Amino acid sequence: MAMEIHQEEKEGAILAFLTSQLEVEWACEKFQSPSAISLALHGKLSHEEQSHVFQNYPGKRKVIFATNLAETSLTIPGVRYVVDSGMVKESKFEPTSGMNVLRVSKISQSSAKQRTGRAGRTGPGKCYRLYSELDYQLMDLHQEPEIHKVHLGIAVLRILALGIKNVLEFDFIDAPSGKAVNMAIRNLVQLGAVVHRDDTFELTLDGHYLVKLGMEPRLGKIILESCRYGLRMEGVALAAVMANASSIFCRVGTSDDKQKSDCLKVQFCHRDGDLFTLLTVYREWESVSPDNRNKWCWNNSINAKTMRRCKDTVLELENCLKHELSIIIPTYWRWSPYVVTAHDKSMKKILLSSLADNVAMYSGYDRLGYEVVSSGEYIQLHPSCSLQVYGQKPNWVVFGELLSISSQYLVCVTAVDFDCLSAFSPPLFDLSKMQSKKLHLRVISGFGSTVLRRFCGKSNTSLLSLVSHVQKNCMDERIGIEVNVDNNEILLYASIQDIQKVYGLVIDALEYEVKLLSNECLEKCLYHRGRAGASPPVALFGAGAEIKHMELENRNLSVDVFLSNANRADDKEVLAFFEKSVSGVCSFHRFAGSGQNGDHMEKWGSVTFLAPEAAMKALEFNGFDLSGSSLKLSPARSSVGGSNKLSSFAALKAKVTWPRRYSKGYAVVRCERNDAMFVVEDCFNLLIGGRLVHCEPSTKDINCVIIRGLDRDTTELEILEILQIATSRRILDVFLIRGDAVNNPPLGACEEAILKEIAPFMPNQGPLSNYCHVQVFSPEPKDTFMKAWITFDGSLHLEAAKALQHIQGKVLAGCFLWQKMQCQQVFHSSVSCPAPVFPFIERQLNSILKGFMHRPGVHCRLERNENGSYRVKISANATKIVAELRRPLEQLMNGKMVNHGSLTQAVLQHLFSSDGRLLMNSLQKETGTYILFDRQNLNVRIFGPENKIALAEHKLIKSLLALHDNKQINIPLQGGFMPHDLMKKVVEKFGPDLHGLKEKFPEATFMLNTRRHVISFSGKRDLRPRVEDIIHDFARSLCVSGAADQPEFEATTCPICLCEVEDCYQLEACGHKFCRSCLVEQLESAMRRHDGFPVRCAREGCGMHIWLIDLKSLLPCEMLEDLFRASLGAFVASSGGLYRFCPSPDCPSVYRVSDTGMVGGLFVCGACYAETCTRCHLEYHPYVSCERYKEFKEDPDLSLKDWCKGKEHVKSCPACGYIIEKVDGCNHIECRCGKHICWVCSESFSSSDECYGHLRLIHLTII
């Protein structure tokens, strides 16, 4: 509103009323205009700072944001415009709780008029009220009388001092409530100022003293008690600073100014709380010479005006005590903030006696804070509380008042001892009962960060669900569970009665996550190229880089999960269902796409089991109701490329149908209006399916024709094709009249039959399931047709078209001849993008879709899914067209993935931080793109116009690397064995601005973060150990209670190299820390030697398997594949001969060896096509035993020799030894070696003539 007034109205200052200092400073920071200056005005500003609103700024309009301080206290010249928020923050005593509460409330009509009057004191003005006229009418006419808003203690004391016995009968001008009067009396009785005698109240001696002091009874009680303990100066000063507690510290200006103020405050913070801290400030201020006090206040961010007011109060009290009570206040201090003495305990007793109604006990749980004894409410300490500096929560505190803004806070808090409370007489409350309500802490450690993240779930949904369950189970809403992933700890908060039960429930949930992670496996194919349609064998590669299962029989290990509403399904609920029902879950993959895989079922994802029997058992739960969502399960497709992530198959989809009801022999043809008679005439004596059919007009619909005499095998498509030839009239539709449904083969059998028909058209480089998927749906009772969806890889549009053309009109095995398949001639596909991306690509997307509208046969529709994402549905009559349409859509809606060698995992991790998020938001605004950070896969995509994407990518890489190089490094100042006052001691030693450290390391910048208890520095990363050494050495020097209590900051030693850990990596299974390079070397050693499996933690006494999550983090994909191959080799070698590699050189395939005594089986290698005997491991030899085949292998002629035995017509060639056989004819035989043999004497000759001459001469015959 102030900006609108500045832009639209004439000259004149603007005064805007807000409720608090925080709102005022926020408004000043946000209001930016070159022609105006924004000024703040509130009570915590110094006099010099407040005076800025009275100055003139030539050429600029003053815009003043103020609290109600400007309502009556000040008149600012030149104000012509007032903005009235209608709200005010004011302190009010609540009799019901007995506490002062500071909260925001509506102003009165008189205040509204007062604010209006601030405008136009020197000329015409306007007031803009930010509330309706009805709201104004509902406001109180006047401000509530002050007596209704304050504690009535001093008023009641004075009434009793006048001798009035019954305060409730006193005639007040604005009578307070009876409850407020009774509360005041009760407090006075508690303070010992009033006693109840004979049904009346009388003043005690302390009561008379308090009347003479004329101040709030609580403050007066502090002074009186201090005098009794001999701490007169301390008591007077304490009362003065307590009365001005809210404005002593000056925390104003920019965030840097406030940060500086916080650091300066640390030096004054006292271990016992706020009042001791304020007393320390006053003591230090008083020790400064009067001439230097203002400068001292400025240097220490103290409000000098408030300190002077405190001094005036002290002087007034000293004078009053001297003249009214004859008490002289000394000028010296007995209490010192720097030395612990008995006076500290005395002062706590003094404060307890004054604030006995404001006692609170630490609940034991930071999120709950402190339980106020009087009300039972749980309230936090204010962030500015001095106790926060020490990082400790005292068990018992007293507080000055309750601050109620967006949340409630205890302010002006001081720690008190249990001894003080127990010694208080009469007892304030039942101490033992209060202590029994305190929550106890139990720490669970030893679990890795991934386990803890999964335990928490996405956006902490699992953790919140568990907390709710535990609270309900134990009937205690205070129970808390905190997860610290950085420290690998879980903190449990519960009562002593429930802590063990809570521990058990949390451990059960953790062990479930541990079981899933320890069982996690990759489903790896043994090879990636093989026979067409043949799925390669797979191995489950899991923890310890060990082969958990080898599946060689093509049995399914994974199950695809479909739900009627996948977006509402909780991942853990689905997994818990399978783990409970089946057990043996080793991995799952959540489907990343959006959209439906069927008409009514959405794909949730897939689940992989450790054994095929478990996967088969899981399929038995098909149709199960899971929290109101119908569950459909089917055997999953094989992994793509050996990965455990399944393809989304969102590219091409085709619908296939076939009738499930037989035809009754007649059909109904729907025609254009008034065309039925013309169609009947054109189709006279028409032959359909080899039969003469009869056509007649329908008696029920004048636009329909009935065709009778059809063969039962004839389909609607065949009828339509013949009708379109027979008549020129347009046929709108044809449908057969069908009878009862017939039994069809099982859905699985139908899917297999369709796949068998498709297989010849798909690539043979891998399993068929890599390229297509078939899903047949169970029909409803009234359905006429069976229905199936075939999903193809988007790159195979040509192959898909040929396959669909092939199955058109085919009949599946087990079906009747009339059950011919019909392929829908429209192909479907969809491309999706997340909801936040859409506004950045909407214009380009609409332009692309507009271009598609002019293409014939193409239909595109943009729709919004239930989860907020957007999806473009594509339909076309050719697969090639669908592929062409998808290409520009994918490029736009999938964005540009940022790939750069310098963007390592460590660099990308910065995007998790607030600085990383701010960087992305800044670049998005600057470049007009959207940057999507995938937290699970650690990658970045950029969406928007191409020219802007390139700019955003360049700037993102440059900015991320700069952020990584200049990232602030935090050194904690609390935790472990560090002293609780370390932060204060650091400020004392190195200064509030840490100039002592800056002098040692001038090349670095240092900053103390008091809220987080850390020193943040920017500089070279190798400085961190040196800075840490200085801080740790200083912390050690503060420990004076003996070596046993000294903090240990020893560097972690790597169990492998026995040196200090560098580039630390913490194993998930056991939490032990190693050098990353040492773990990689351990894995590489196992790869080289094909030994050392399973790979275990090298720490002595541990031996836990290194989980798959660690293997994937430590090794790139290529090395992980090498590790798998080495593990596979070790698995085969250690199987005791149960498994062997294919005999072909370098072939990765494995087969199972036949059992002893069993006949060898045939192993056909899917990778190299070799046929091997599974018993003797030689070439497959049907009908021949392994032993005999081995003999034949050693002597190839052995079988021939056996055959020759006892045969007279079989001999060996004397020249070459070749077996020759004489069947009939003469005794001349020619061998294949060319020699001519005499069969009678086996002599060889060079020619047939010589052989015949020999036969005639020697044997006298040739026969």
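Residues numbered from 1 in each chain as written. Predicted model: local features only at pLDDT ≥ 70, side-chain atom pairs only at ≥ 80, totals over all residues. Heavy atoms only, no water.

- An unreviewed UniProt entry lists the protein chain under the name RNA helicase, from Hevea brasiliensis.
- As stated in UniProt under Catalytic activity (unreviewed entry), the record for the protein chain gives "ATP + H2O = ADP + phosphate + H(+)". (UniProt positions renumbered as here; feature names shortened; annotations may be inferred.)

1. Considering the pairing of strand 42 (residues 1005–1009)
Thinking step 1. Relative to strand 43 (residues 1014–1018), strand 42 is paired through five bridges, and the arrangement is antiparallel. Note that in strand 43 the partner of Met 1007 across the bridge is Ser 1016.
Thinking step 2. If you look at the hairpin formed by strand 42 and strand 43, you'll find four residues sitting between the two strands, and His 1013 has a positive phi there, around 60°. (Pairing = 2+ DSSP bridges. Helix = DSSP H or I, 4+ residues; strand = E, 2+ residues; numbered from the N terminus.)

2. Focus: the sheet that holds strand 29 (residues 691–697)
Thinking step 1. Read from one edge of the open sheet, five strands run 28-29-30-27-31, paired in antiparallel fashion. Taken across any chain shown, the strands that pair with only one partner, and hence form the sheet edges, are strand 28 (686–688) and strand 31 (731–741). For this sheet, the mean inter-axis angle between neighbouring strands, taken without regard to orientation, is 35°.
Thinking step 2. Where strand 28 lies against strand 29, three bridges are found, and the strand directions are antiparallel. Paired with Leu 686 across the strands is Val 693, a residue of strand 29.
Thinking step 3. Seen against the sheet, helix 26 (residues 716–726) touches strand 27 (661–671), strand 28, strand 30 (704–708) and strand 31 and runs at an angle of roughly 150° to strand 31. (Axes fitted to C-alpha atoms, helices over the stretch in contact; angles between N-to-C directions. Contact = heavy atoms within 4.5 Å.)

3. Quick look at the packing of helix 21 (residues 461–474) against helix 22 (residues 499–519)
Thinking step 1. Helix 22 packs onto helix 21 with a crossing angle of 150° between their chain directions and a minimal axis gap of 11 Å. Like other packed secondary-structure pairs, helix 21 and helix 22 cross with a definite hand, here right-handed. Contact residues: Leu 466, His 469, Val 470, Asn 473 and Cys 474 in helix 21; Lys 501, Val 502, Leu 505, Val 506 and Ala 509 in helix 22.
Thinking step 2. A class-by-class count of the residues in the contact of helix 21 with helix 22 yields seven nonpolar, two polar and one charged. (Left-handed = near helix turned anticlockwise from the far one by under 90°. Nonpolar A, V, L, I, M, F, W, Y, C, P; charged D, E, K, R; others polar.)

4. Quick word on the pattern of salt bridges
Thinking step 1. Throughout the structure, instances matching the rule amount to 45 salt bridges.
Thinking step 2. Between Arg 555 and Glu 553 there is a salt bridge; the shortest N-O distance is 3.8 Å.
Thinking step 3. Judged by its relative accessible area of 35%, Arg 555 is partly exposed.
Thinking step 4. Taken together, the shared-partner salt bridges connect Asp 206, Lys 221, Glu 225 and Arg 228 into one network. (Salt bridge = Lys/Arg side-chain N within 4 Å of Asp/Glu carboxyl O. Buried < 20%, exposed > 50% of the residue type's maximum accessible area, 1.4 Å probe, protein only.)

5. So, a nonpolar patch on the surface
Thinking step 1. Where nonpolar side chains cluster on the molecular surface, the patch consists of Leu 1162, Val 1164 and Tyr 1180 and spans about 220 Å² of accessible area.
Thinking step 2. In this fold, Val 1164 is placed in strand 48 (residues 1162–1164). (Patch = residues over 30% accessible without salt bridge, like charges linked within 9 Å, V, L, I, M, F, W, Y side chains within 5 Å. Areas by Shrake-Rupley, 256 points an atom, 1.4 Å probe, with all protein chains shown as cover.)

6. Some thoughts on the sheet that holds strand 15 (residues 440–445)
Thinking step 1. Taken together, three strands build an open sheet; the order of strands is 15-17-16 and the sheet is antiparallel. At either end of the open sheet lies a strand with only one pairing partner, and these are strand 15 and strand 16 (480–484). Taking each pair of neighbouring strands and ignoring which way they run, the sheet shows an average axis angle of 20°.
Thinking step 2. In terms of strand pairing, strand 15 meets strand 17 (residues 489–494) through six bridges, oriented antiparallel. Within the sheet, the bridge partner assigned to Ile 444 lies in strand 17 and is Ile 490.

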